[in-house]
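One letter stands for each residue in the lines below.
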Amino acid sequence: QVQLVESGGGLVQPGGSLRLSCAASGSILSVGGMGWYRQAPGNERDLVAIISSGGSITYADSVKGRFTISRDNAKNTMYLQMNSLKSEDTAVYLCNAWVRRTGDRTWRGYWGQGTQVTVSS
């Protein structure tokens, strides 16, 4: 089994910062692309940022210049530094990762349970 566990969410005032983490654990042979998504009530799940195993990065236009995605391959952990937060950033943030499990030739996608980010004064 593979688990993705997010942490670092919370309540922050507009203009503030938060740092999210996503740790992958379990019977992992290799972790490929990883990404952050978010979903606000009544909305679809949207891409925030993705990072390949080699470090290639794509951001949603709405977060460019404010959010920074990174990863530590040795720890199978991904981060999202969120600065200059706005009320419209309020959502549940979920991490996604493509993983090859030990003894498995197939890459499979996994999701974390999500962490709530609320931006409000």
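How each quantity is defined
- Residues numbered from 1 in each chain as written.
- Predicted model: local features only at pLDDT ≥ 70, side-chain atom pairs only at ≥ 80, totals over all residues.
- Heavy atoms only, no water.
- Helix = DSSP H or I, 4+ residues; strand = E, 2+ residues; numbered from the N terminus.
- Buried < 20%, exposed > 50% of the residue type's maximum accessible area, 1.4 Å probe, protein only.
- Lys, Arg positive; Asp, Glu negative; His and termini not counted.
- Salt bridge = Lys/Arg side-chain N within 4 Å of Asp/Glu carboxyl O.
- Polar contact = N/O pair within 3.5 Å; in protein donor to acceptor, adjacent residues only side chain to side chain.
- Pairing = 2+ DSSP bridges.
- Core = buried A, V, L, I, M, F, W, Y, C linked by side-chain atoms within 4.5 Å.
- Contact = heavy atoms within 4.5 Å.
- Axes fitted to C-alpha atoms, helices over the stretch in contact; angles between N-to-C directions.

Engineer: Looking at this model, I keep getting lost on the side chain of Arg71. Mind explaining?
Structural biologist: Inspection of the secondary structure assignment puts Arg71 in strand β7 (residues 67-72). There is no salt bridge for the buried Arg71, and the closest opposite charge comes from Asp72, which lies 8.2 Å off by N-O distance. Engagement of the side chain of Arg71 in a polar contact is seen with the backbone oxygen of Gly32, the distance being 2.8 Å. Among the polar contacts listed, one links the side chain of Arg71 to the side chain of Asn73, at a separation of 2.6 Å.

Engineer: What is the right way to look at the pairing of strand β8 (residues 77-82) in this model?
Structural biologist: Regular strands place side chains that alternate from one sheet face to the opposite one. Extensive coverage of β8 is indicated by the burial of five of its six residues. Across six bridges, strand β3 (residues 18-26) lies against β8 in antiparallel orientation. Among the inter-strand pairings, Ala23 is bridged to a residue of β8, identified as Thr77. By the bridge criterion, six bridges tie β7 to β8 in an arrangement that is antiparallel. Of the residues in β8, the one forming a bridge with Ile69 is Leu80. Between β7 and β8, which pair antiparallel and follow one another directly, the connecting turn spans four residues, one of which, Asn76, has a positive phi of 50°.

Engineer: I would appreciate a short explanation of the nonpolar core in the present structure.
Structural biologist: Considering soluble globular proteins, one finds that nonpolar side chains tend to be buried as a cluster. Counting 30 residues, the largest nonpolar core has Trp36, Val48, Phe67, Met78, Leu80, Met82 and Tyr93 as its most contacted members. When residues of this core are traced back to their parent elements, those giving at least two are β1 (2-7), β3, β4 (28-39), β5 (46-51), β7, β8, β9 (91-101) and β11 (115-119). Take this core: its biggest share by element is five residues, from β9. Beyond its immediate sequence surroundings of up to four residues, Met82 is in contact with Gly16, Ser17, Leu18, Leu20, Arg66, Phe67, Tyr93 and Val117.

Engineer: Would you take a moment to explain the sheet that holds β1 for this structure?
Structural biologist: Taken together, four strands build an open sheet; the order of strands is β1-β3-β8-β7 and the sheet is antiparallel. The open sheet has two free edges, formed respectively by β1 and β7, since each of these has just one partner strand. Adjacent strand axes in the sheet meet at a mean angle of 15°, parallel and antiparallel pairs treated alike.

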